[in-house]
Amino acid sequence: MDFSVLVDAPAGKYGFVQARDGHFYFPNGKRIRFIGFNFPARANMPDHETAERISVRLASMGVNVVRLHAVDVPPGEQGWRADPEFPLIDYPSGDSRHLNPDGLERFDYWVARLEEKGIYLHVDLLVGRIFTEGDELDYPAPLYATKSSSHLNETLISRQEEFASQYLCHVNPYTGRALIDDPAVMTVS
């Protein structure tokens with residue numbers, strides 16, 4: 001069965017999604033409903049072939065939104081970790097303040113394939129980040145940043161703002177847009 005006819009591709013073609021009266025709408029007044037999946041950690045940096053195959057499969061199921069979750073996790077071989085070769089944050093540099101170009105390239109390609117198929121994005125900003133010695137904190141490092149801990153300390157707030165700016169303002173070479181300017185981004189959490 002192929003439900004891709006239910007997905008109005010490409011994502012974002014009508015402009016930014018708006019919330020009114022408890023529902024989602026396009027700027028032209030047309031109501032939209034979303035059904036989707038969560039893609040955590042290393043699932044957000046697939047190789048190009050995998051990105052192609054998964055985006056086609058998602059669209060064939062009628063999926064029109066994915067949650068880009070936990071892109072900030074450190075690399076590791078097992079568990080809820082980024083691929084050691086392709087983390088989004090360049091933890092091997094000694095801090096968590098820089099994006100890894102190789103992980104970012106894969107992420108950008110993944111985002112472009114999703115959008116092309118009509119799949120919108122829910123973007124998470126802080127899920128599994130670990131602040132390191134190189135982040136120059138007021139606390140001993142490493143410090144696992146739960147979703148609330150970075151809201152209490154000026155240094156942590158500054159480091160998270162720095163990451164959000166890099167992540168949201170980086171121009172995706174495959175879409176020509178930064179996430180912050182992309183109408184395919186449904187929500188940012």
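Residues numbered from 1 in each chain as written. Predicted model: local features only at pLDDT ≥ 70, side-chain atom pairs only at ≥ 80, totals over all residues. Heavy atoms only, no water.

Formed by 30 residues in total, the largest nonpolar core has its most connected members in Val-66, Leu-68, Leu-88, Phe-107, Leu-121 and Tyr-167. Within the residue set of this core, elements represented by two or more residues are helix H1 (48–60), strand E5 (65–69), helix H2 (101–116), strand E6 (120–123) and helix H3 (154–169). Of the residues forming this core, the biggest block, 6 residues, is contributed by H2. Ala-11, Ile-32, Val-65 and Met-186 belong to the second largest nonpolar core, which has 8 residues in total. (Core = buried A, V, L, I, M, F, W, Y, C linked by side-chain atoms within 4.5 Å. Buried < 20%, exposed > 50% of the residue type's maximum accessible area, 1.4 Å probe, protein only. Helix = DSSP H or I, 4+ residues; strand = E, 2+ residues; numbered from the N terminus.)

Attention now moves to the sheet that holds strand E9 (residues 185–188). Across the sheet, which stays open at both edges, the 4 strands sit in the order E4-E5-E6-E9 with parallel pairing between neighbours. Looking at strand neighbours, the two that pair on one side only are strand E4 (36–40) and E9, the edges of this open sheet. Taken pair by pair, the neighbouring strands of this sheet meet at an average axis angle of 20°, ignoring direction. Sheet topology places E6 next to E9; 3 bridges connect them, and they run parallel. In the strand pairing of E9, Leu-121 is matched with Val-185. Strands in contact with H2 are E4, E5 and E6; relative to E5, the strand with the most contacts, it is inclined by about 165°. (Pairing = 2+ DSSP bridges. Axes fitted to C-alpha atoms, helices over the stretch in contact; angles between N-to-C directions. Contact = heavy atoms within 4.5 Å.)

Before going further, it helps to examine the pattern of salt bridges. Using the criterion set out here, one finds 9 salt bridges in the structure. One salt bridge connects Glu-115 with Arg-177, and the closest N-O pair in it is separated by 2.9 Å. Pair noted here: Glu-115 is in helix H2 and Arg-177 is in the loop between H3 and E9, with a separation of 62 residues, a long-range link. Relative accessible area serves as the criterion here: at 4%, Glu-115 is assigned to the buried category. By relative accessible area, Arg-177 is classed as partly exposed at 30%. Taken together, the shared-partner salt bridges connect Glu-52, Arg-113, Glu-116 and Lys-117 into one network. (Salt bridge = Lys/Arg side-chain N within 4 Å of Asp/Glu carboxyl O.)

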